[in-house]
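Listed here are the chains, written in short residue letters.
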Amino acid sequence: MNNEVSPVNSTIVEALQNNKVIAYPTEAVFGVGCDPDSEEAIMALLALKQRSIDKGLILIADNYEQLKPYIDDSALTFEQRERMFSSWPGPVTWVIPAKATTPKWLTGQFSSLAVRVTDHEIVKTLCRIYGKPLVSTSANLSGLPPCRTVEEVQEQFQNSIPIVQGLVGGRKNPSEIRDVLTGELYRQG
């Protein structure tokens, strides 16, 4: 990714602090996200996407430490952790047992949570500056294809959310999703 100047600015950080939904480039498509600890922001995101709370959400982070408040790391064996770490940072999302304290607005109907340590420099910078992971779901309205450019996000969402300027990574498909305990593939990357 050739983004020499960070497009993460105070407007984006303030939007997150004020329980707003933002859009940002990821490895393959633009994502919409928000503060994972803000029920108000999550509900706004679900309404925007016309998505059921039961489905659960993905958290995207700069590093594994940012994810530990939400997942039960102690449930993983050394081998499971090594398999996960061998794919990070990168476009593989792992479903991990959630901590009992993880809000249902993140896990939905599940006792697990989908998480990813990204290799997209803009998202890494955003999570580093904000100091925690972000919710990450594809930037598209129900029934429409995921946005791959700033212009597509502006068009689909009618300029209703702040957008982190930048380019998506070179991947064609959204992230692969696997179960960390079983290795089962939920979504091909």
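Residues numbered from 1 in each chain as written. Predicted model: local features only at pLDDT ≥ 70, side-chain atom pairs only at ≥ 80, totals over all residues. Heavy atoms only, no water.

In the nomenclature of an unreviewed UniProt entry, the protein is known as Threonylcarbamoyl-AMP synthase of Proteus myxofaciens ATCC 19692. UniProt, in the comment section headed Subcellular location (unreviewed entry), describes the protein in these words: "Cytoplasm". Per its UniProt entry, the protein bears the Catalytic activity (unreviewed entry) comment "L-threonine + hydrogencarbonate + ATP = L-threonylcarbamoyladenylate + diphosphate + H2O". (UniProt positions renumbered as here; feature names shortened; annotations may be inferred.)

As for the pairing of strand 2 (residues 30–33)
Along strand 2, one buried face is formed by F30 and V32 and the opposite face, lined by G31 and G33, is buried too. In terms of strand pairing, strand 1 (residues 22–25) meets strand 2 through four bridges, oriented antiparallel. Paired with I22 across the bridge in strand 2 is G33. What sits between the antiparallel neighbours strand 1 and strand 2 is a turn of four residues. Note that strand 2 and strand 6 (residues 134–138) share two bridges and pair antiparallel. Bridge pairing in strand 6 places V32 opposite T137. (Buried < 20%, exposed > 50% of the residue type's maximum accessible area, 1.4 Å probe, protein only. Helix = DSSP H or I, 4+ residues; strand = E, 2+ residues; numbered from the N terminus. Pairing = 2+ DSSP bridges.)

Let's talk about the side chain of K132
One can find K132 in the loop between helix 6 (121–130) and strand 6. Polar side-chain contacts of K132 include one of 2.8 Å to the side chain of D37. Residues in contact with K132, not counting those within four places in the same chain, are D35, P36, D37, Q66, Y70 and C127. (Polar contact = N/O pair within 3.5 Å; in protein donor to acceptor, adjacent residues only side chain to side chain. Contact = heavy atoms within 4.5 Å.)

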